[in-house]
Amino acid sequence: QVQLVESGGGLVQAGGSLRLSCAASGRLFASYAMGWFRQAPGKEREFVAACNWSGERTYYADSVKGRFTISRDNAKNTVYLQMNSLKPEDTAVYYCAADPSAGYYHSLSYGYWGQGTQVTVSS
């Protein structure tokens, strides 16, 4: 069992930066691949970024590639999402997720979810 708690969301102007954190409980965090997803009002939850258990392999949605960076600190049981050059279209609730069973890109693959943190980018 893993519990995930996101933090770091907020209101930022376009072009600004935020760093999201996802703190995990449980001894098995270091063995889990992790992902970030987002969901805007009226839209489906979409993949943002993911990394393997060590953080050496990373994957990004085309819409955030070059602007967002996923990383993790297994000693702190935490995964991060550094978001730079934010755009109004990045506005959404951001969720972290753990332990994908069938690929990184699909939300249904993940076994554990946090409660989400709101990111709002003003123009």
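Here's a quick rundown of the structure. (Residues numbered from 1 in each chain as written. Predicted model: local features only at pLDDT ≥ 70, side-chain atom pairs only at ≥ 80, totals over all residues. Heavy atoms only, no water.)

**Notes on the sheet that holds strand S7 (residues 68-73)**
Each strand in a sheet pairs with its neighbour through backbone hydrogen bonds, running either in the same direction (parallel) or in the opposite one (antiparallel). Test applied: Strands are labelled as partners when DSSP assigns at least two bridges between them. Strands here are runs of E lasting at least two residues and helices are runs of H or I lasting at least four, both read from the DSSP assignment and numbered beginning at the N terminus. Interaxial angles span 0 to 180 degrees and are taken between N-to-C directions of axes, which are lines fitted to C-alpha atoms, for helices over the stretch in contact.
Reading across the sheet, the four strands line up as S1-S3-S8-S7 and stay open at both edges, with antiparallel pairing between neighbours. The open sheet is flanked by strand S1 (4-7) and S7, the only strands paired with a single partner. The average undirected angle you get between the axes of adjacent strands in this sheet is 15 degrees. For S1 and strand S3 (residues 18-24), the ladder comprises four bridges, and the chain directions are antiparallel. Opposite Val-5, over in S3, you have Ala-23 as the bridge partner.

**Some words on the state of the cysteines**
The condition is simple: Defined by distance alone, a disulfide is two cysteine sulfur atoms within 2.5 Å. Each residue's exposure class comes from its accessible area (1.4 Å probe, protein chains only) as a fraction of the maximum for that residue type: buried when under 20%, exposed when over 50%, partly exposed otherwise.
Within this structure, the stated rule accounts for one disulfide. Covalent S-S linkage joins Cys-22 and Cys-96, the inter-sulfur distance amounting to 1.9 Å. Handedness of the Cys-22-Cys-96 disulfide follows from its S-S torsion of about 45 degrees: it is right-handed. Remark: Cys-96 occurs in strand S9 (residues 92-100) and Cys-22 occurs in strand S3; sequence separation between them is 74 residues. By the burial criterion, Cys-22 is buried, and Cys-96 matches it.

**Topic: the packing of aromatic side chains**
Aromatic rings considered in pairs are described by the distance between their centres and by the relative angle of their planes. Test applied: Any Phe, Tyr or Trp ring, taking Trp's six-membered ring, that has another such ring centre within 6.5 Å forms a pair; planes under 30 degrees apart are called stacked, those over 60 apart edge-to-face, and the others tilted.
Enumeration over the complete set of coordinates arrives at nine aromatic pairs. On the numbers, 5.7 Å between centres and 75 degrees between planes, the contact of Phe-37 with Phe-47 is edge-to-face. Note that Phe-37 is positioned in strand S4 (residues 34-39) and Phe-47 in strand S5 (residues 46-51), a separation of 10 residues in sequence. For Phe-37, a relative accessible area of 1% corresponds to the buried category. Assessed through its relative accessible area of 11%, Phe-47 is described here as buried. Geometrically, the ring pair formed by Phe-37 and Tyr-110 is edge-to-face, given 5.2 Å between the ring centres and 80 degrees between the ring planes. Here Tyr-110 lies in strand S10 (residues 110-113) and Phe-37 lies in strand S4, a separation of 73 residues in the sequence. We note that Phe-37, like Tyr-110, is buried. Among the aromatic residues, those joined into a ring-pair cluster are Phe-37, Phe-47, Tyr-59, Tyr-95, Tyr-104, Tyr-105, Tyr-110 and Trp-113.

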